[in-house]
Amino acid sequence: MSAPPAQGSFAVDAIAFWAPTLPGWSHAHGALRDEQAPLVAPAKRPAPELLAAAERRRVPDTVALALEVAAAAVRASGRDAAALPSVFTSTHGDLAVSDYMCATLASSPTLISPTKFHNSVHNAAAGYWTIATGCRETSTALSAFDASFAAGLLEAASQCRTDDRAVLLVAFDVEASGALASVVASEGLLACALVLAPSAGPTSVYTIDWQLERETVAAPALRSAAARSLAGNAMAGALPVLEALATADRGDASLALPIAPALALRLTARAIVVAQARP
């Protein structure tokens, strides 16, 4: 078996983002450039149109967030959701459901809700997505604690290069609640999705060169006020990359993400400038 690739490049065909104060990539893009302020009144939790009305109300926050950004990214990319392999990454999964499961098992184990149980698995969001879109392609659900976004991006980039095909990356985390809040730090709701492609196409907006290095690095500092306002979420590791993409047209957009104590993912992003047609 050949070793996995340790470097490569890919195009970003589309980006989607959702947080209560930045509900959408167009809003987040401006805020991450310090050109637009986050919403003062937070938006309500998204209701993904892929699901039937009853399911929208019943699914946990993780599923609602993941499907919202996944659908938005795929729609913007112009690709067929059913034909895209996917990587779903989350630091903790659904903390509210996990807290319910632990509390119920400790007090009344025979009263566990079947619906809550099937939403407690780490690949719940990936399962909802593949069923809702009729996708039979490979789906990966992973977690790497604070490095969950970096690990998810590395997995998606590796698949993109090795298989020479587009890949959907979805990252999300929610607020800690109940007893778990005393041992897990996560605030608010945060989700993003990227469609990675082996080479730039008609909808591509960025290219990223990546390389896996044996070195110890610290998490990149957040530069924008908007990103710092979301830093309490467990998926905050995505924010430096999104900042780099949002400001790639201004010059240097290079950074390194820690994956392990002596392993880092180095990235260099470039904006794709679309030539304007002459009148």
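Fair warning: this is a prediction, and the values are worked out from it, not measured in the lab.

**What to know about the nonpolar core**
Within the largest apolar cluster, 50 residues are counted, with the highest numbers of intra-cluster contacts made by Phe10, Phe17, Trp25, Phe149, Leu196 and Leu267. Ranked by residues supplied to this core, first place goes to helix H7 (residues 148-163) with eight residues. If we ignore the near neighbours within four places in the chain, the residues touching leucine 196 are Phe10, Ala11, Leu153, Ala156, Ala157, Cys160, Ala166, Val167 and Leu169. The next biggest cluster of nonpolar side chains, apart from the first, holds 30 residues, and it includes Ala66, Val69, Ala166 and Phe172.

**Structural notes on unusual backbone geometry**
Positive phi is not limited to glycine here, since aspartate 34 has a value of about 60°. As for its placement among the helices and strands, aspartate 34 is situated in the loop between helix H1 (25-32) and helix H2 (53-58). A positive phi angle is found at aspartate 164, which is not glycine, with a value near 55°. Looking at the secondary structure, you find aspartate 164 in the loop between H7 and strand S4 (167-173).

Cut-off values and rules
Residues numbered from 1 in each chain as written. Predicted model: local features only at pLDDT ≥ 70, side-chain atom pairs only at ≥ 80, totals over all residues. Heavy atoms only, no water. Core = buried A, V, L, I, M, F, W, Y, C linked by side-chain atoms within 4.5 Å. Buried < 20%, exposed > 50% of the residue type's maximum accessible area, 1.4 Å probe, protein only. Helix = DSSP H or I, 4+ residues; strand = E, 2+ residues; numbered from the N terminus. Contact = heavy atoms within 4.5 Å.

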